[in-house]
Each structure stands twice: as structure tokens, then as C-alpha cells.
Amino acid sequence: MAAPVNYGDLEFTRPADKIKAVNVPDIPEEIFTGMKDYEDAARGFDLYVLPQATYPGGIFLSHRPEDAQVSQVYRISTDPADTVLERLTYFDIGTGRTISSFTPIIGEDWRGVYRPGGAIMSMDFDGNEHFQLWRYWEDALCEQVLPTIDGELDNAPGKGRIERLTHDDYRYSSVIISPSNKLMAFVSNKENNTDTLAYLTTLVGSNTGATCNSTPFTLPSKLVTPLIRDGKTERWITASISLDDKYLLLTRAYGNSYQPLFVVEISGSKPGKVEQVTKAIPSFSLDPTSPHLAYVITNAYGDFDSVVSYDIHQRTVTHITTPKPRTRLRGLKVTDTYVCFTANIEGWSAVHVMPLTGPRKNTVIEVRLPWEGGWVAFAHNGRNGRPHELALRLASHRSRGFVQRAILDLETPKLAADGNVYIDVTMTPYVQAAAPEVKKAVAPKLIKFRSFDGLEVSAMYYHPNEGKSQAPVVIGIHGGPESQATVQYRTSTHGYLLSELGIAVIYPNVRGSSGYGKKYMSADDVEKREDSVKDIGALIDYITSDLSAELDASRIAVMGGSYGGYMVFATLTHYSYKLKCGVANFGISNWVTFLENTASVRRANRRLEYGDESNPTIRAFLERISPLNNADKISVPLFITHGETDTRVTVHEAVSMYKIVRGNPGGQAQLVICEKEGHGYKQKSVIEYVNAATIDYLKRFLLS
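Quick notes on the rules
- Residues numbered from 1 in each chain as written.
- Predicted model: local features only at pLDDT ≥ 70, side-chain atom pairs only at ≥ 80, totals over all residues.
- Heavy atoms only, no water.
- Helix = DSSP H or I, 4+ residues; strand = E, 2+ residues; numbered from the N terminus.
- Rg over C-alpha atoms; globule rule 2.2 N^0.38 Å.
- Buried < 20%, exposed > 50% of the residue type's maximum accessible area, 1.4 Å probe, protein only.
- Pairing = 2+ DSSP bridges.
- Phe/Tyr/Trp six-rings, centres within 6.5 Å; stacked < 30°, edge-to-face > 60°.
- Lys NZ or Arg CZ within 6 Å of the ring centre and 35° of its normal.

Each helix and strand counted, the protein chain has 10 helices and 41 strands in total. Taking 27 Å as the expected radius of gyration for a compact globule of 704 residues, we find that the protein chain reaches 25 Å, a close match to that expectation. Overall size of the protein chain, expressed as C-alpha extent along the three principal axes, is 70 × 65 × 55 Å. The buried share among the 704 residues of the protein chain stands at 61%.

Take a look at the structure:
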């Protein structure tokens, strides 16, 4: 591990809570005021899941209220006529930070008494992503009320209680519950701090030996994926437990592009590999007559995704859909009546459903919604016998994260001109889970340009006045690198840039992005890393040549976070002479120190994408292309922000880059370090300050 960079010699100011600012001037108050409407519009709702009716009926949501520092859990009724928005959690930073999952259960008896309902939460403390497991429950549902437990979170005035189940500094995630509610599976690196293995615990009939007292309880578990010891770091992801509790489906993530499917006999000791699946999103059937049939989204049969079914006993595959260009399938959910998933085509997504019974059995049907189009996520109410009832989380250029109900009626499907079957569906809003519409919303336009080698690159393009006059432009580069700029992907300052400053925004999907096939996603691996930087160079040239009537090529800025932050650093080292400035959030500046310092559970995965720095040849290559080692070529202003507790890309990367750039002849650099923040910002005070500082910076250096 590289020695950490000391930044105690830097002179900080503290202009806001949890903010350390270096060389950042005072931000005009009118920017904070002007950003408020846009930040309120960005505080949308995210969808967890619909619990079974044995728990008080409803839909669990994540939302950051205006007066809270971090996001909280809410519950609404499945009936849109009931407009109550019930807040369930009230913790603040210091006792909890990010709830990465909230998984409802019917109940458990870990403490010798049955606690019905509630959920299992995965939550960290300060942004370091060392997620622990917690139990949320409500005394009103319990026949016997537990005394206050030592270390229990103070959740007043909420009606629920929160008990910690794991008491260490390891990571716990990927929580799934069996359809019978007898078993819970999860993954953790608790075995050796590096390998992420799968574990199983019993919910009902657990016989843990714990009692109904105030003593903290540690969740017992059984390891179901013993170390294979094949020389590769193991990173398992649990997916589904069979209806009869005999088998567990899970994938092993060798990298972000290779995640084969495995089947584990729960009573056994070794996983059985499903060889033919390259990358898998699997779920067991809920049909009692075929409990060992799995439905799988995979790209094993082409460059793009398809849906197949797999019989784990016969080892036979049945193809349900065929791979389609520029189509990415996600969100696979299975009920006893339907298989549902979403199809993302060029950044816009739609729900599809396949009936398992009836006259339309095994027919894939598109669910068409009456709205402007955008991004869709969904949960079904199949656990309560209503699989035709969907809760939809929608996001578009008009609004960020609002929830509506849709009822599927497959009696009168229609045939589209292309031969595909579809149904028109009406939606009913949950008015209490509606985010405000964005001021002066601008719809995106999909553009495409050719890169240096002829490769076609797509981008989402927003112009403040429909291209009627020249505008300065920000190129916003997504992270991953396997992420994708979709219709819902926007920087937090997006609306202000367009509507208040008249700045256009382009979000390119450079090579390495997902959504464009396996070949495209691997086109930036290791030695091809800087080809993605050349894609940005090609976009700059495209702005100059093809978009010169509507964009001002003399005023271009680059902005990005995580891998997008690396792209900002790298673009500035290559194309400073074509740019006005750059904004890099939690970005990678040196590939070698990044790989040496990133969390051990992630290192092997990231080496597959970026290269193995322990190999002398690759190390030399990574040193050669690292922006930090070329920072003397940056000749335009640079604004850097980073989370102090980031374990993916450590703050070492930001401080190192700042210290070099500020020393360049005429160097102009600013640095913001965010306390109790990890990889991405979650706290209200941090979000508001970083947004305002970014706006002020662009006003001074892009618009000048």
C-alpha cells in the first residue's frame, strides 16, 4: 500500500458543515438560493420493495427530506387513494449514513421470541462502505416487547426500532430472503477481509440461544461458499433461493463483465458452476411444479443481453428472447404468474412482462406507459397475490424519481408494426411520492459521433435554447467505467447550468460504457485505457465541426466523478489547449496508487479492468498514462472534490493532484475535502456546498 499523502500542511477553511475547502473563495449566497429549487427537484424517491401483507401493507421508499442530512426510509400504502407518507427512520449522520438495502421479512425468532414484520437493513456509518446488518421492527406488531437493547439506535420519534446484528468492521451486503421466509442469505468479507463469500442464516426455528434481553446479539451464519483457493479473489453475489429451500443461485464476480452463475445445494459444501453463462442476473421460478427452474438475463449468447430459462437438474437452456443491438436487460423479477424485466435501449427504458400461464404464455409483452419516456424501475405485489400490480419508480428530464401504480391487463394485447406485442397501461400517481418537476425542463437529444478509429459513440445532449444560438458546453463524463449516461443520468447541477447560466451539457458514453454490448464495454481495458480519453478528444472536435452553430467551441469544460474524475484529469493532460477548465469529483489520478490503496475486496476486480500493478510491465504502463505523472501539462483551472472516507478511490488521489497542479506555472487549482463522505456525496450540507462551489467555479472560469 502506498504511503498516504499528508494534507495537514494545507490551509483549510470550513465554509459549511463537513467541508474542508482549500483555495476556494466565498460562494455568493444567491447561488445557494438559486440552487434550492433544483436540489429539491433532485430529492426524488427510490423504490425498495413491496413487503408481504403480514407486515403492514405498503411500499418502502428511500427519500431525503428537506430537513435531514441523509436519506431515510418511508412507507406508503399500495392504495394511491391513501396519501399518507410515513417516515420510518430518523437517524442522522453519526449513527448511520447510507442504507444500501432495506429487505422486508415476514419475521424471525433470533431472540427466542417471534418478531413479525420489519426488515433487514444494510447500513454504514461514515461513507466507508463497511456496511453492517441491522434489524428494523415495530413493537406494535409483537406479542412480547423486547427491552431496550444496548447499542440500539435512537429512532425517535419513529415507531420502529433498529438493532445492530453484526459488530465488526467488515462488509455485509447482497441480502436475500427465501420465498418460505425460513432462510436469509448474504455476502461478507468477514472470513479474511479480502474474499467476499456467501453465508446463510435461519430466520424461523433458528435456535440461536439468544434471549429476550438487553444484551447485543450477533447474527450466527453458515458459510456456503468455502474458499476455492484458485488464486483469484472471490467475490460472490447472492441472487435467489429456490421455493423448496434446497438451492441457492449466486454469481461470482471475476470482474464487471464476467460474472458466471453458480448453483449451491444448501445442504452441500461446494458450489456447482453453470458453465455457459457469461454474465448472469438469475431468479428461481416460484411455480411449485418447477421450483428448480431458473430465469436468467445473460449475454452468453451474443454481444447483447437475452433472457433464458435454465433447468438446474437437466442442465438445459430455453431461449426466451434473442439479443438485440444496443439493448441492455435488467431488473429481472419473477412471480408465480409473470417474468418481468426492463429493457434499456440507448438510454431509455421500458418494462416487459412474460405470462407463465394463459393464452399469452411465454409471449414477451412490452408495457407502454403514458408519459414522456425515461427511466423505469419497478416492484411487483406478487407476494400478496397481486402480481399484476406494479409500483413504478419513474425518472425523466422533467422529474427525478416519482412513484406511480400500474395494473397489468393482458386480455387485449396489441401488435406493433415491428411485430412485437404490447399493452397500453394507465398509471395512478402516489401523490405523496411525487418529486417536484424540474424548472424549465430540457429534453435530451441522442447524438452520435465517430471517434479517432471510426467507432461510433453515443451521447445525451441538452441545449438551453434548442440550438438556436451558440452556448458554452460542459462535457459530463460518467463513472464505472461500465456505467451509462441514460435519460435519467444528470449531474446535480444540471438544471442550473441549462436554465440559469445558459450552458449546454453533453453526457457521452465513451468506449467501456455498458449498454452497447460486450465488445464495446471491453474496448477500453488495460492497454486500451486512453482510447476512451481519445473519445473525448473526438467529441471536442465534433463540437468544433458539426455543432459549431449551436455550441461555442472556445468555451468547453469537462466534469466527472469516480472514473469520470479520472477522465477529467486525463482529458486535461491531453487537451488543455482546447478547454477552459475541469471539475473532478473523487477521481483517480494515479492508477498504481489507486490500485494499491483501494479496498482489498475490490482490488482483484479492478485489476481486470485497469491492469495488475504488481506486473512490472503493466505497472510501467499505468505509471506512464497516469494523469498525476502528466499533471505538468494541465494549463487550465481545475476544481477537485473528494470524500475523506472514500475506500474505493482514496482521498490520496485528490490531494496529490491538487498539490502538483497548484504548483504549475500559472496553476489554478481548488480543493474541497468532504468529511464523513465516501464515494459519492450523501449529506445535505456537502451536496449543497459542492453544488454551489461548482456553479461559482464554472461562472468564473467557463463563462469568463
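Still more to cover.
Read from one edge of the open sheet, 4 strands run S2-S3-S4-S5, paired in antiparallel fashion. Among the strands making up the open sheet, the edge pair consists of strand S2 (46-47) and strand S5 (86-87). By the bridge criterion, 2 bridges tie strand S4 (residues 72-76) to S5 in an arrangement that is antiparallel. Opposite Tyr74, over in S5, you have Arg87 as the bridge partner.

With that out of the way, let us pick up the environment of Phe125. Considering the arrangement of structural elements, one finds Phe125 in the loop between strand S9 (119-123) and strand S10 (132-138). Through-space distance from the C-alpha of Phe125 to that of Asn615 is 35 Å; in sequence the pair is 490 residues apart.

All told, the structure shown has 24 aromatic pairs when counted by the stated rule. For the ring pair Phe186 and Tyr199, a centre distance of 5.7 Å and an interplane angle of 15° mean the geometry is stacked. Taken as a pair, Phe186 in strand S13 (residues 183-188) and Tyr199 in strand S14 (residues 197-202) lie far apart in primary sequence, 13 residues in all. Both residues of the pair, Phe186 and Tyr199, belong to the buried class. Three or more aromatic residues joined by ring pairs make a cluster, and in this case those are Tyr563, Tyr566, Trp591, Phe594 and Tyr610. One residue, Lys20, lies across the ring of Phe12, its end atom 5.6 Å from the ring centre.

Read these as layout, nothing more, since geometry by itself doesn't imply function.
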